[in-house]
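Residues per chain are reported as follows:
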Amino acid sequence: MVMTGSWRRHRAVNRMSPGVLLLLLAACDSRVVPSEVMPAYSQAEAAYGLGNRDARVVIHGDPFGVPGAVLGKAVTDPMQNRVMGVVTNFTTAPNDTAHPDYRVTFVFNPVRALLSSSVCGGGPVETKPPQPDIEVLGAFCRGGGALTSATGWLDDAEGPADRSFRTLMGDMTSALFPTTVSDSRDSCSGADC
């Protein structure tokens, strides 16, 4: 599930370890919190769906009030080379090499809380008008479901060329394509181990 809203943001931050908080504060440009990775996700799945082809990026909302092509380029440029071991070409205007079942979807400033399945669902998503504070929900989608998802925030964005916005989109991409996935089925804690 993708968390949205400032109270959820604070709740997620309160659950983080002090080391993670220090790293977030050191970065300072953007904040990105990945959601739980679905069991079906793997780097092989990302390579199969996106590798050596155009990778479709779908954008809902516009935090800056700019033409779609300008926002598309501002979103996809910092995404390039962020999927470890997979050669991709993230684009909002994919050619026929794009796998029809796979895409990355971003929702900027949603009006209400959304589940990751709503981000990937393909239907219309209600978003707020342009504003300087950005909340972005992202998901790596297969069909109508999310394999991974993340939520990011940026305060006082100055526009699509803002270095902090580029950092946010790069960080979102890295969060959507983790290189390692912990498998809780293989870990054990407590008195039953």
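Check the entry above for the structure.
Because the structure is a prediction, the values reported are computed rather than measured. (Residues numbered from 1 in each chain as written. Predicted model: local features only at pLDDT ≥ 70, side-chain atom pairs only at ≥ 80, totals over all residues. Heavy atoms only, no water.)

### Quick notes on the pairing of strand S5 (residues 134–142)
So, point 1. In terms of burial, S5 is a largely internal element, eight of the nine residues being buried.
So, point 2. Relative to S5, strand S4 (residues 102–108) runs antiparallel, the two being bridged by seven bridges. The partner of Val104 across the bridge, within S5, is Phe140.
So, point 3. As judged from the nine bridges shared by S5 and strand S6 (residues 145–154), these two strands associate in the antiparallel manner. For Ala139, the partnering residue across the bridge sits in S6 and is Ser149.
So, point 4. Between the antiparallel neighbours S5 and S6 lie two residues, among them Gly143 with a positive phi of about 60°. (Buried < 20%, exposed > 50% of the residue type's maximum accessible area, 1.4 Å probe, protein only. Helix = DSSP H or I, 4+ residues; strand = E, 2+ residues; numbered from the N terminus. Pairing = 2+ DSSP bridges.)

### So, the sheet that holds S4
So, point 1. Across the sheet, which stays open at both edges, the six strands sit in the order S1-S6-S5-S4-S2-S3 with mixed pairing between neighbours. Unpaired on one side and paired on the other, strand S1 (31–34) and strand S3 (88–91) mark the two borders of the sheet. On average, adjacent strands in this sheet sit at an angle of 20° to one another, irrespective of strand direction. (Axes fitted to C-alpha atoms, helices over the stretch in contact; angles between N-to-C directions.)

### Observations concerning the state of the cysteines
So, point 1. Under the criterion given, the structure shown has one disulfide.
So, point 2. Disulfide partner of Cys120: Cys141, at an S-S distance of 2.0 Å. Every disulfide takes its handedness from the sign of the S-S torsion; for Cys120 and Cys141 that torsion is -80°, giving left-handed. With Cys120 in helix H5 (residues 116–120) and Cys141 in strand S5, this pair connects stretches of sequence that are 21 residues apart.
So, point 3. Look at Cys120 and you get buried, because its relative accessible area is 1%.
So, point 4. Overall, Cys141 belongs to the buried group, its relative accessible area being 0%. (Disulfide = S-S within 2.5 Å.)

### Observations concerning the pairing of S4
So, point 1. With seven of seven residues buried, S4 lies mostly within the body of the structure.
So, point 2. Side-chain alternation along S4 places Tyr102, Val104, Phe106 and Phe108 on one buried face and Arg103, Thr105 and Val107 on a second face that is also buried.
So, point 3. The pairing of strand S2 (residues 53–60) with S4 spans four bridges and is classified as parallel. If you follow Val58 over to S4, its bridge partner there is Thr105.

### Re the pattern of salt bridges
So, point 1. For the structure on display, the rule yields four salt bridges.
So, point 2. Between Asp155 and Arg31 there is a salt bridge, with its nearest N and O atoms 3.2 Å apart. With Asp155 in the loop between S6 and helix H6 (163–176) and Arg31 in strand S1, this pair connects stretches of sequence that are 124 residues apart.
So, point 3. Arg31 sits in the partly exposed class, given a relative accessible area of 29%.
So, point 4. Here Arg112 and Glu126 are joined by a salt bridge, their closest N and O atoms 3.2 Å apart. Taken together, the positions of Arg112 in the loop between S4 and H5 and Glu126 in the loop between H5 and S5 put the pair 14 residues apart, joining distant regions of the chain. (Salt bridge = Lys/Arg side-chain N within 4 Å of Asp/Glu carboxyl O.)

### Looking at the nonpolar core
So, point 1. If you look at the biggest cluster of nonpolar residues, it comprises 32 residues, and the most contacted ones within it are Phe106, Phe165 and Phe177.
So, point 2. Looking at this core, the elements with two or more residues in it are helix H3 (43–50), S2, helix H4 (68–76), S4, S5, S6 and H6.
So, point 3. With six residues, the top contributor of residues to this core is H6.
So, point 4. Membership of the second largest hydrophobic core comes to nine residues, among which are Val107, Cys120, Val125 and Ala139. (Core = buried A, V, L, I, M, F, W, Y, C linked by side-chain atoms within 4.5 Å.)

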